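A look at the structure
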Amino acid sequence: MIDQFGRSVEYLRVSITDKCNLRCVYCMPLEGLPWLQRDELLSYEEIEQIVRVMAPMGLERLRITGGEPLVRRDVPELVRLLAAVPGIRDLSLSTNAVLLAEQADALKAAGISRLNVSLDSLQEDRVDRIARRPGSYPRIMEGLAAAEEVGFSPIKINVVLIKGENDDEIQDFAEITRKHPWHVRFIEMMPTGANLDLSAQQFISCTEVLHRVREIDKLEPVPGPFGNGPAEYYQFPGAPGTIGVITPMSHNYCDRCNRMRLTADGQLRPCLFGDLQTNLRDPLRAGEDLALHIRDTLEVKPERHYLIQGSDSGSGGLVALSQTGG
Ligand code: SAM
Ligand code: SF4
């Protein structure tokens, strides 16, 4: 699947729910959002059918995301269905890890090889403040320990930085990469309808992050781990892990974009932001040929995102990344 700007799309992020067991301040409003109804959600079999159409077109890699994907029942069953699709050679999962400990084994056995875990602080009271579901921290830690035990590789830790809240932990997070073979990735906060004030007032750029990490030790640029997407990676000399930065706001990397997104209700989105999306669910349920709809979506994949700090004009009405899978 080659788009009009010559970018090859072989990666699909599949959101399987818009619901979440956390309420991260930069992501979802505390009161939640109007949730999708059950019949609006794609079933696991419908997701598999869409992937079966896209795989011969060039789709090779899938990431299961949400909302929080592990709040949906029997995710390993979906993983088994997707792992059996010819041409799919990589399956990964993004999770907040709260429900990971009890499912890590089954997810690995079903075919998930790589994990991204969101963790915005190493301090329990701060996780409570940022994720706004007190009591989550010990469960996240158990989830990470289980992930390591069952052998997911690589494990990436995603940290969204919020100035004045967790930016004094940049160096603590960086130090983790000397002890664990983890890839700690700092992500610049992106504006959405639900976080306009926060993202404008407490934004911190990854240029600043790298500056602070370099205060500890020398950093060498290194190639990323497998599954390398928009992040740029660095390493302390001799460290088993790496430090990555994802810079949607300060340095746009859209020219390397290799992905599309499928929302939990079956909208194929050519870009995380903007209002372009194609309803695949209804044509699928009507027995139509999806390949045409998928090609049309690829054709309109925009050259770049148009996010503007402090404004929701570029996000195309997107209230929260939990609605599209981030
Ligand atoms: N619940 C899972 C999790 O938290 O990993 C998967 C979905 S979450 C929407 C995917 C990623 O998006 C997480 O790493 C999260 O930190 C990130 N994210 C959410 N809102 C964001 C924002 N406004 N700016 C930057 N990253 C954001
Ligand atoms: Fe939930 Fe992930 Fe959004 Fe946090 S970032 S509220 S864990 S979907």
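Worth saying up front: this structure is predicted, and the values here are computed from it rather than measured. (Residues numbered from 1 in each chain as written. Chains lettered and ligands numbered in written order. Predicted model: local features only at pLDDT ≥ 70, side-chain atom pairs only at ≥ 80, totals over all residues. Heavy atoms only, no water.)

Section: the overall build of the chain
Broken down by element type, the chain carries ten helices and twelve strands. If you line up the chain on its principal axes, its C-alpha atoms span 55 × 40 × 40 Å. Within the chain, contacts between residues at least 6 apart in sequence are counted, and of these 74% link residues at least 24 apart. As presented, the chain carries roughly 13400 Å² of accessible surface, and 49% of it is formed by carbon and sulfur atoms. (Helix = DSSP H or I, 4+ residues; strand = E, 2+ residues; numbered from the N terminus. Contact = heavy atoms within 4.5 Å. Areas by Shrake-Rupley, 256 points an atom, 1.4 Å probe, with all protein chains shown as cover.)

Considerations on the pattern of salt bridges
One pass over the structure, following the stated rule, counts 17 salt bridges. Taking the shortest distance from any N to any O, the salt bridge between Arg126 and Asp168 comes out at 2.6 Å. Remark: Asp168 occurs in the loop between β5 (155-160) and α6 (170-179) and Arg126 occurs in helix α4 (residues 124-131); sequence separation between them is 42 residues. For the salt bridge of Asp217 with Arg178, the shortest nitrogen-to-oxygen distance reads 3.0 Å. On the criterion of sequence distance, the pair formed by Asp217 in the loop between α8 (206-214) and β7 (220-222) and Arg178 in helix α6 is long-range, its members being 39 residues apart. (Salt bridge = Lys/Arg side-chain N within 4 Å of Asp/Glu carboxyl O.)

Considerations on the site of ligand 2
Around ligand 2, a shell composed of Cys20, Leu22, Cys24, Cys27, Gly67, Asn96 and Ser322 is seen. By residue class, the composition of the shell around ligand 2 is four nonpolar, three polar and no charged. (Near = heavy atom within 4 Å. Nonpolar A, V, L, I, M, F, W, Y, C, P; charged D, E, K, R; others polar.)

A closer look at the site of ligand 1
As a structural note, the neighbourhood of ligand 1 is formed by 19 residues, with Tyr26, Gly67, Glu68, Ser118 and Met190 the closest of them. In the model, a nitrogen atom of ligand 1 is placed 3.2 Å from a nitrogen or oxygen of the Glu68 side chain. One of the backbone N or O atoms of Met190 is found 2.8 Å from a nitrogen atom in ligand 1. Protein chains bury 94% of the 550 Å² of accessible surface belonging to ligand 1 in isolation. Contributing elements (two or more residues each) for the shell around ligand 1: β3 (90-95) and β5. Of the residues that constitute the shell around ligand 1, the class distribution is seven nonpolar, ten polar and two charged. (Polar contact = N/O pair within 3.5 Å; in protein donor to acceptor, adjacent residues only side chain to side chain.)

Regarding the packing of aromatic side chains
The final tally for this structure, using the stated rule, is one aromatic pair. The interplanar angle of 90° and the centroid separation of 6.3 Å between the aromatic rings of Phe173 and Phe186 together place this pair among those described as edge-to-face. One end of the pair, Phe173, is in helix α6; the other, Phe186, is in strand β6 (residues 183-187), and 13 residues separate them in sequence. Both residues of the pair, Phe173 and Phe186, count as buried. Directly above the ring of Phe236 sits Arg178, whose terminal nitrogen or CZ lies 4.3 Å from the centroid. Its guanidinium or amino end placed over the ring of Tyr234, Arg214 lies 5.6 Å from that ring's centre, counting from NZ or CZ. (Phe/Tyr/Trp six-rings, centres within 6.5 Å; stacked < 30°, edge-to-face > 60°. Buried < 20%, exposed > 50% of the residue type's maximum accessible area, 1.4 Å probe, protein only. Lys NZ or Arg CZ within 6 Å of the ring centre and 35° of its normal.)

Describing the side chain of Ser136
Mapped onto the secondary structure, Ser136 falls in helix α5 (residues 136-150). The exposure class assigned to Ser136 is buried, which follows from its relative accessible area of 5%.

Here we look at the environment of Val98
Relative to the helices and strands, Val98 resides in the loop between β3 and α3 (104-110). Residue classification places Val98 among the buried residues on the basis of a relative accessible area of 5%. Remark: the alpha-carbon pair of Val98 and Leu22, spanning 76 residues in sequence, is separated by 8.8 Å. Discounting residues that sit within four places of it in the chain, Val98 has contacts with Asn21, Leu22, Ser136, Arg139 and Ile140.

Description of α6
In an α-helix, one full turn covers 3.6 residues, which means residues spaced three or four apart are oriented alike. Among all positions in α6, only Ile170, Phe173, Ala174, Ile176 and Thr177 are buried. Summarising the axial view, the buried residues of α6 lie within an arc of 140°, below the 170-degree limit, and thus occupy one face. Those residues of α6 hidden inside the fold are in contact with β5, β6, α8 and β9 (242-246). (Arc of directions from axis to C-beta.)

Structural notes on the pairing of strand β1 (residues 11-15)
Burial analysis of β1 places five of its five residues in the buried class, which makes it a mostly covered element. Of the two faces of β1, both are covered, the one formed by Tyr11, Arg13 and Ser15 as well as the one formed by Leu12 and Val14. Alignment of β1 against strand β2 (residues 61-65), held across five bridges, turns out to be parallel. When the bridges of β2 are listed, Leu12 appears paired with Leu62. Chirality of the crossover, the property in question, places the unit of β1, helix α1 (residues 44-54) and β2 among those that are right-handed. Where β1 meets strand β10 (residues 259-262), four bridges bridge the pair, whose relative direction is parallel. Counted as the bridge partner of Leu12 is Met260 from β10. (Pairing = 2+ DSSP bridges. Right-handed = clockwise from strand over helix to strand, strands pointing away.)

Re helix α10 (residues 290-299)
Residues of α10 that are buried include every one of Leu290, Ala291, Ile294, Thr297 and Leu298, and no others. In a view along the axis of α10, the buried residues occupy a sector of 125°, so they form one face of it. In α10, the exposed positions that point more than 90 degrees away from the buried face belong to Leu292 and Glu299. Check the buried side of α10 and you find it contacts α1, β10, β11 (267-269), β12 (278-279) and α9 (281-285).

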